[in-house]
Structures are given as C-alpha cells and as structure tokens.
Amino acid sequence: MSNYSLASSTWDEKELAAIQTVIDSDMFTMGKHVAQYEQDFAAFFGSKYALMVSSGSTANLLMIASLFFTKNESLKLQRGDEVIVPAVSWSTTYFPLQQYGLKVKFVDIDRETLNIDLTKLEAAITDKTKAILMVNLLGNPNDFNQIKQMIEGKNITLLEDNCESMGATYQGKQAGTFGVMGTYSSFFSHHIATMEGGCVVTDDEELYHILLAIRAHGWTRNLPKHNLVSGTKSDDPFEEAFKFVLPGYNVRPLEMSGAIGIEQLKKLPSFIQARQENAKLFVSLFKDHPYIQIQKETEKSSWFGFSLVLKENSPYTRKEIVTKLQENDIECRPIVTGNFLKNKEVLEYFDYEVAGSLESAEYIDQYGLFVGNHQIDIKEKISDLHKLLC
C-alpha cells in the first residue's frame, strides 16, 4: 500500500503568503499577528481570553505557574498541594507539576475511552486534593458532567490539557474550556500547525493578566494599563520598559506562527469534519474486530489518531503487529507515553503517589498503539489497514 503517515501538512499558499507578509514587515517577534490569532482563537473556542505561547508544553507550564501567583485563594496552589492526573498522557502534562513542587497523584485510565477512569478518579479525591488536571486523549473529550458532579461543593480546581483534542466537543461545548484554564497545541502533527505553538484559554481576567506577564520575562510591558497584577501602569513607557513583577519566562511565539495560525483557524472546521468522516469508516470497520479494541468515543471526538489495542485473545504480539505495519509503510506509535509510571528514572524527581491499581494503563502500555488520522480523506488507507489486519 502507499505510505500511511502519522500526519501530513495542513499548509497551502495561504500559509506561505502569511509567512511572506511577516518577512516583508521585517518584524518577527510577537506582534499584531499573534494578537489577532489570540482574538480569533478565543472567539472560535468560546473563551474570553486566549494566550499564544511557543508550544503546548509551555502552555501547560504557564497554566500551572499562574496558579502560584493568583490572589484568588480558592484557586491558589502552593508547594506540596495534591494534583490528580491520569497515568497516560504526554510527559509535559506532568513536568510542570514536578517543577512547581506539587504532589502528583496518578489515577488509572479507562481502557475503552483511554481517558481517566471516572470511578477510580472519584475514589482518589480526598480533602487534600487541590486540583484535577484532565487530559482529553487522542481527540476524545472527557465526561465533564460527571466530573463536575464529583467536585461540586469541593474547593478543587479543574484544569484541562487539551493538546491532542483541539476541536473536540462535549454537549456542544469545546473541549479545553470546561476547566478554569485549558491548553492547546499547534505542533505539526496536531489538528492545526503553526510551526511550533500552543495556547492557554481562560475566562478569568486575573489569570489572563498573570499569563501575559509570565509569558514574557515577568514584566509589565504587555499588561493593560489597568490590570490585576501590578495595578495601574505608569504613562511613561520608559519607566515601564523593564519593570518586573513576577518570576516569568520567555515563551513568546514567533510572529510568523501567529500569522500562520490565523489562516489555519479558518480551515479548522473542515479539518475536523474530514477527521470525523475518516473516523466513521475506521469505527465501522474495526468496531467488531476479533482481536483489536478501538477507542470508545465519549462525545464528539476530533480524532487525533486511531488507537489499536490488542485483546487478550490476539493471535499476534504487539511487536508482530508493529513489524507488519512498518513493512507496509504504515507509521505507528505507542499510545502517548503508555503508562507514565514506567519512567522510573524521571520519577525519582517527583513527589507522587498512585491511587489504586493501574491495570488499564499497564495493559495499553504493553498492547496498545495508534496510527494517524489526517485532515484530508484517507479512507482508502484505512480500508487497506483493515484488510492488512484481518
């Protein structure tokens, strides 16, 4: 069969023209194109504020950091606070938690949805739990109604890592907007591509102002004149030029990334539609497969990729399946990190505990993989994949 890659380019002449516009302007650092992209992004996803950063990973970093600087005591985190996470996600879901001295509590996933196991999540919540960082895996949103019922009346902050699930919806609302903050990625293999890039969205004005400051050095320069971090800024730009109020970073995006993002967002609805059409065929072909289990859609997945988890009765090992796919030019990967707890070397730096057992995370770590989905019609490749695995 022809090459079935994990991802393909989402660009055409519009993105190239956007890059050229920035080149012609001779202004490459964060500017008006990034600002316009942020406005468009917030409007598209139904959030008050959006902040573009250099990657989805740095979006997660700023999301966690901002909760250490808020004056809102109901949201504020401090070192040692407990944050619940699923045991399967990307590494930079977890690393900001370690870097800010938080206690990480890992909970097993649901083998069908690949998201956090909601029964085990409820059992893991204690009076020590300060936040839950939900991850929408491979495009699949979580059951947010059930999660909000679990934490109702408790002082627990809900956060979302939505880096793999841009465009997914739950009961008509965009994934990434159910928590106090949510993060997105626009890396090449994701739903849209802006070279490198990510976003944080929130409806909380103070958190937005904190994010503005810590994205760029912790200075006041990018804050509005009247803001919830430094108060009222001086009218003298020289005085405000190098005024630092928070321990920040430099994770600003390039102006080219913002310009590309403006064009990519216009295409996102058609990209999601194509992915969902591809998924209809994939589900119809694989739903009753004799030895492969596929991801169960919670609501409207944006189908980042297609998971393939070998059932207990499989006549093949995962290694044999991977070899067969590779021999037929089909790219595949483990399901994100698999069980993150297998990374013993890095976990030496963590303060963590495991809530209950992790049998589902361990199972997909050994028997799971995924293949790509694209923003174009790949139904022929999906059909060939099915024939190969029958």
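Scroll up a little and you will see the structure.
Everything numeric in this text was worked out from a predicted model, so none of it was measured. (Residues numbered from 1 in each chain as written. Predicted model: local features only at pLDDT ≥ 70, side-chain atom pairs only at ≥ 80, totals over all residues. Heavy atoms only, no water.)

A. Structural context of the packing of helix 3 (residues 56-69) against helix 4 (residues 91-99). As a packed pair, helix 3 and helix 4 sit with axes 9 Å apart at the nearest point and diverge in direction by 35°. Helix 3 and helix 4 meet at a crossing whose hand is right-handed. Only Thr 92, Thr 93, Pro 96, Leu 97 and Gln 99 of helix 4 make contact with helix 3, whose side of the interface consists of Ser 57, Asn 60, Leu 61 and Ile 64. Of the residues belonging to the contact of helix 3 with helix 4, the class tally is four nonpolar, five polar and no charged. (Axes fitted to C-alpha atoms, helices over the stretch in contact; angles between N-to-C directions. Helix = DSSP H or I, 4+ residues; strand = E, 2+ residues; numbered from the N terminus. Left-handed = near helix turned anticlockwise from the far one by under 90°. Contact = heavy atoms within 4.5 Å. Nonpolar A, V, L, I, M, F, W, Y, C, P; charged D, E, K, R; others polar.)

B. Broad picture of the layout of surface pockets. Considering only enclosed or pocket space, the largest pocket measures out at about 600 Å³ in volume. If you go around the largest pocket, you meet 33 residues; those closest to its centre are Trp 90, Phe 187, Ser 189, His 190 and Phe 304. Considering every element that reaches the lining of the largest pocket, the biggest residue donor is helix 3, with three residues. Grouping the amino acids of the lining of the largest pocket by side-chain chemistry returns twelve nonpolar, 16 polar and five charged. (1 Å grid on protein atoms, 1.4 Å probe; cavity = no way out; pocket = protein on both sides within 12 Å on 5 of 7 lines; lining within 4 Å. Points joined across faces, edges and corners; volume = space filled by probe spheres on them.)

C. Structural detail: the sheet that holds strand 1 (residues 49-53). Read across the sheet, eight strands follow the order 1-9-8-5-4-2-3-14 without closing on themselves; strand pairing throughout is mixed. Bordering the open sheet on either side are strand 1 and strand 14 (351-355), each of which pairs with just one other strand. Neighbour to neighbour, the strand axes of the sheet diverge by 20° on average, direction disregarded. Note: strand 3 (residues 103-107) against strand 14, five bridges, orientation parallel. From the neighbouring strand, Val 107 faces strand 14, where its bridge partner is Ala 355. Sitting on the sheet, helix 2 (residues 32-45) is in contact with strand 1, strand 8 (181-185) and strand 9 (198-202), with an inclination near 130° to strand 1. (Pairing = 2+ DSSP bridges.)

D. The arrangement of the nonpolar core in detail. Grouped together as the largest cluster of nonpolar side chains are 58 residues, with contacts concentrated most on Phe 69, Val 85, Leu 97, Phe 106, Leu 137, Met 181 and Ile 335. When contributions to this core are tallied by element, the ones reaching two or more residues are strand 1, helix 3, strand 2 (82-86), helix 4, strand 3, strand 4 (129-135), helix 7 (205-215) and helix 12 (359-367). Sorting elements by how many residues they give to this core places helix 3 first, with nine residues. What Ile 335 contacts, discounting residues up to four positions off in sequence, is Val 88, Leu 114, Leu 137, Leu 138, Ser 307, Val 309, Ile 364, Gly 368, Leu 369 and Phe 370. Counting residues in hydrophobic clusters, the runner-up holds 22 residues, among them Ala 279, Cys 332, Val 371 and Leu 389. (Core = buried A, V, L, I, M, F, W, Y, C linked by side-chain atoms within 4.5 Å. Buried < 20%, exposed > 50% of the residue type's maximum accessible area, 1.4 Å probe, protein only.)

E. Expanded view of the packing of aromatic side chains. Counted under the stated rule, the structure contains 25 aromatic pairs. Taking the centre distance of 4.5 Å and the plane angle of 40° together, the rings of Tyr 363 and Tyr 367 count as tilted. With a gap of four residues between them, Tyr 363 and Tyr 367 both fall in helix 12, about one helical turn apart. Taken together, the ring pairs in this structure connect Tyr 94, Phe 95, Phe 106, Phe 340, Phe 350 and Tyr 352 into an aromatic cluster. Between the NZ or CZ atom of Arg 221 and the centre of the ring of Trp 219, over which it lies, the distance is 3.8 Å. (Phe/Tyr/Trp six-rings, centres within 6.5 Å; stacked < 30°, edge-to-face > 60°. Lys NZ or Arg CZ within 6 Å of the ring centre and 35° of its normal.)

Any functional reading would require information that these geometric values do not contain.
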